[in-house]
Each structure stands twice: as structure tokens, then as C-alpha cells.
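Descriptive analysis of the structure
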Amino acid sequence: MAKEGVEKAEETEQMIGKEASKEPAEGGGGDGSHRLGDAQEMRAVVLAGFGGLNKLRLSRKAMPEPQDGDIKIRVKACGLNFIDLMVRQGNIDNPPKTPLVPGFECSGIVEALGDSVKGYEIGDRVMAFVNYNAWAEVVCTPVEFVYKIPDDMSFSEAAAFPMNFVTAYMMLFEVANLREGMSVLVHSAGGGVGQAVAQLCSTVPNVIVFGTASTFKHEAIKDSVTHLFDRNADYVQEVKRISAEGVDIVLDCLCGDNTGKGLSLLKPLGTYILYGSSNMVTGETKSFFSFAKSWWQVEKVNPIKLYEENKVIAGFSLLNLLFKQGRAGLIRGVVDRLLGLYNQKKIKPVVDSLWALEEVKEAMQRIHDRGNIGKLILDVEKTPTPLMANDSTETSEAGEEEEDHEGDGENKERMPFIQ
């Protein structure tokens, strides 16, 4: 493994050297970027407005430069999460103005440092949280959101690491206080967070993990959880048949009627944590009916009942914790502990598939269909498959974009690189 780490480091040094040695071509930059006048440009996925997949475009934008305290990263891979789908639909509280570049996590190589940045050097291999703008060839983000990665961690693994494992760790150990002999119910056990939860639970002795997932995922993930149920089955009865008292921790990314079910399954002193609301997403665009239905189905919580039954209900939003509530220091400590577990070979990100930036619509559709096992990654250097190459319109930031025609790509076969 040490040899593999050295090879990774040498590969990175060669990549940096190759970038630095390139002479700028006419009309282009030496780093593969383009120039428009004096401004360097980069490729980025742009969300033109809230709605369906046709609102996404691969465009050229001005390359950002680091401000005081920022690190500039040449992006190699970006994580794709369910929250990105909800952002695209405008299905979040206080959505930002469009057009915008989506994405909240990435990995790559440090290309420049802003004033006052210490502890990092140009050429460092890193992963980072970004407050939007991650789906691009270059990002700038404050140093407190950037973390060095081990030499033997690939860029795709690094892009799959921050959101999923930090979310799972915070819920299990910081909010619910997971200990030996406890039991956990996690929904969407085949997804990125679900798989991170299962791996982290395995680091604590005698923890029983109940999981729900689509039936077609069961064979692939059956060894990661103790008991696995179909997501459409009556999992409450299934859990109680095995554990009459219920479970100690419920991790719910679905919301709707699953809130009441989760609370009913809690043992005394148990903790229910809501960290998503994917039941609100049904069609390609935002559905007020689905939103209203999910809201209506949420059991109204009575604090007196919680008091009488000794139950805890909590919520967790990693993005709010980082970008609105100023807990970057806390998260850095969690990342350090997680990287320690990675170096001990106790945890490892599960990457479902790699997609080119041009294939972002197909990648999002795979998440919408709940077809992924683990994390979907946008690989910035990946060449798109021929069928998808013309499916995203690449434009200049100031250029005109062609409208997608509904149904044009209905019969296109999705052919990502599956790890």
C-alpha cells in the first residue's frame, strides 16, 4: 500500500509538472483553459433556472481567483447528491438566484493560495466543501473547508467522501451517541449516506443495522447491513418481529409518513433524526402536490408525548452547519477522525459510477430513479460517451443556448463507467 501511495504522489507531481510546462496556445491557456480577451475561462455545469433536466447546461464561465483566505483547486472529481436534485427543482428553503453552478463537494489539486492561507502548498491533493459552484473545472473555497487527502485515496473516492461520511458520522456519534450493542434503522441503505452509516456502525461492536432499499439493490448491499427490507414493504412490522422493543436510532432521509413510523419504532431513550425529505421529489420538476402530501403525512410531534415516552427527535443539515452556523472547526475534527478510519481500512467510499460533465443530466436521472448503489461522481477529465456528447449544449457564458426538445433523448442508452 505504501508503494501505491508513492505512485499516487508521483502521478500528482507529473500532472503538476505537465500543467506547468505547457506553453499557452493561441487563444488558450497553458492549463487547458480557454481565454476570452484577458479573462481565463473554464467549463462548468450551469443551472439556468429551476425545473427539469433541460435547465442544465455545460457552459464556459470566467475562472475564479482566490480571495483572502481562499484556496483555488483544479477540480478532478465532484460529488453528486440528492440535495443537488432538489436544488435543481428549486425544492429547498430560500433557493439561491439562478443562473448558478450547482455542487457542494469536490476533489482536486491546489493550484493557488489566497493571502493568509497557511498549511497548504500548490500541488497538494485535497477534497473540499463548496457553497455551490463545485461542478466546474476550477473552484475557490475558504481554507476552513479544505482537507488534504491520503496518497492512496483516489480523486473519485475523495469526492465521494465529505458529504456522505461526515453526515453519517455526525448523526451517529454526535447527535445519537451510538454505542456498543445499539440498533440503527437507516432508510435508503444502498445510497451514499446509507452505505457510510453501515460502514461506521461496523466500527462499533455488536451494533445491529436495519436497512430499507429497493429490492434490486439487496444482493449488492446484503453484507453491509444486518437485516434488509424492501423499501415498499411494511418495515415497521418487520423490525418489530425481530426486535419487539424497536431500535435505538432511526435515520430518516424520506420524511412524510416515515416520520411517524420512525418515532413509533424508537425504544425508550431512542433518537429519531431527519436529514432529508426525498419523498417530496416524485417527478422531474417541483411538485406542490408531493410537497403538500409529504407535509400532511408528517406526524405532528407532541412534546408531552416525547417526555412521557423518553424519546428524542432531531434534525441534521450538514450544509447549514457548515455555511450558515459556522461549525467548520467541529467538522474538521470529524474529517480527521474519518480519515483515520480510512487509513486503518475500516471505511471506504462506495462509488457507484463516473460521469463526464456532459453527462450530468443522465447522472441526475440515475439518482432520481434511485438506481445508484453508493455515490455518483462527475469526473471532470472523463470523455463522454458518443451518444451523450451532443446531449448537453456547451456555450460561452454570454452565448445563446439551444433549447432541449422533449423526448429527443428518450431512447439514448446510458453508458457510464461503472466501478
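Residues numbered from 1 in each chain as written. Predicted model: local features only at pLDDT ≥ 70, side-chain atom pairs only at ≥ 80, totals over all residues. Heavy atoms only, no water.

- Looking at an unreviewed UniProt entry, one finds the chain named Synaptic vesicle membrane protein VAT-1 homolog-like and attributed to Daubentonia madagascariensis.
- UniProt, in the comment section headed Sequence similarities (unreviewed entry), describes the chain in these words: "Belongs to the zinc-containing alcohol dehydrogenase family. Quinone oxidoreductase subfamily." (UniProt positions renumbered as here; feature names shortened; annotations may be inferred.)

Some remarks on helix α4 (residues 162-175)
- Within α4, eleven of the 14 residues are buried, leaving the element largely enclosed by the surrounding structure.
- What α4 keeps buried is the set Pro162, Met163, Asn164, Phe165, Val166, Thr167, Ala168, Tyr169, Met170, Met171 and Leu172.
- Immediately beyond the C-terminal end of α4, within one or two residues, lies Asn177, with a positive phi of roughly 55°. (Buried < 20%, exposed > 50% of the residue type's maximum accessible area, 1.4 Å probe, protein only. Helix = DSSP H or I, 4+ residues; strand = E, 2+ residues; numbered from the N terminus.)

Examining the confidence of the model for the chain
- Looking at the chain as a whole, its pLDDT mean stands at 84, while 77% of the residues score no less than 70.
- Note on residues 11-30: pLDDT under 50 across the span, and 21 contacts to partners over four residues away in sequence or across chains.
- A low-confidence stretch, residues 395-419 stays under pLDDT 50, and its non-local contacts, those more than four residues away or across chains, total 44 contacts. (pLDDT = per-residue confidence, 0-100. Contact = heavy atoms within 4.5 Å.)

Topic: the packing of α4 against helix α5 (residues 192-201)
- The geometry of α4 relative to α5 is characterised by a closest axis approach of 8 Å and an angle of 55° between their N-to-C directions. Classified by the angle between their axes, α4 and α5 sit oblique to one another. Every pair of crossing elements has a handedness; the one defined by α4 and α5 is right-handed. Where α4 approaches α5, its residues Asn164, Phe165, Thr167, Ala168, Tyr169, Met171, Leu172 and Phe173 are matched on the opposing element by Gly192, Val193, Ala196, Val197, Gln199, Leu200 and Cys201.
- A breakdown of the residues in the contact of α4 with α5 according to their chemical character gives eleven nonpolar, four polar and no charged. (Axes fitted to C-alpha atoms, helices over the stretch in contact; angles between N-to-C directions. Parallel < 35°, antiparallel > 145°, perpendicular 65-115°, else oblique. Left-handed = near helix turned anticlockwise from the far one by under 90°. Nonpolar A, V, L, I, M, F, W, Y, C, P; charged D, E, K, R; others polar.)

A look at the side chain of Asp124
- With respect to the element layout, Asp124 can be found in the loop between β5 (105-113) and β6 (125-129).
- Using a relative accessible area of 17% as the deciding quantity, one classes Asp124 as buried.
- Only 2.7 Å separates the side chain of Asp124 from the backbone nitrogen of Glu121, close enough to count as a polar contact.
- Apart from residues no more than four positions distant in its own chain, Asp124 is found in contact with Gly108, Ile109, Val110, Gly119 and Lys148. (Polar contact = N/O pair within 3.5 Å; in protein donor to acceptor, adjacent residues only side chain to side chain.)

Side note on the pairing of strand β4 (residues 70-80)
- The buried fraction of β4 is high, at eleven of eleven residues.
- Of the pairings in the sheet, the one linking β4 to strand β7 (residues 138-142) comprises five bridges and is antiparallel in character. Within β7, the position partnered with Ile73 by the bridge is Val139.
- Both β4 and β5 contribute to a ladder of seven bridges, which runs antiparallel. Bridge pairing links Val75 to Gly108 in β5.
- Sheet topology places β4 next to strand β16 (residues 375-379); four bridges connect them, and they run antiparallel. Within β16, the residue paired with Ala77 across the bridge is Asp379. (Pairing = 2+ DSSP bridges.)

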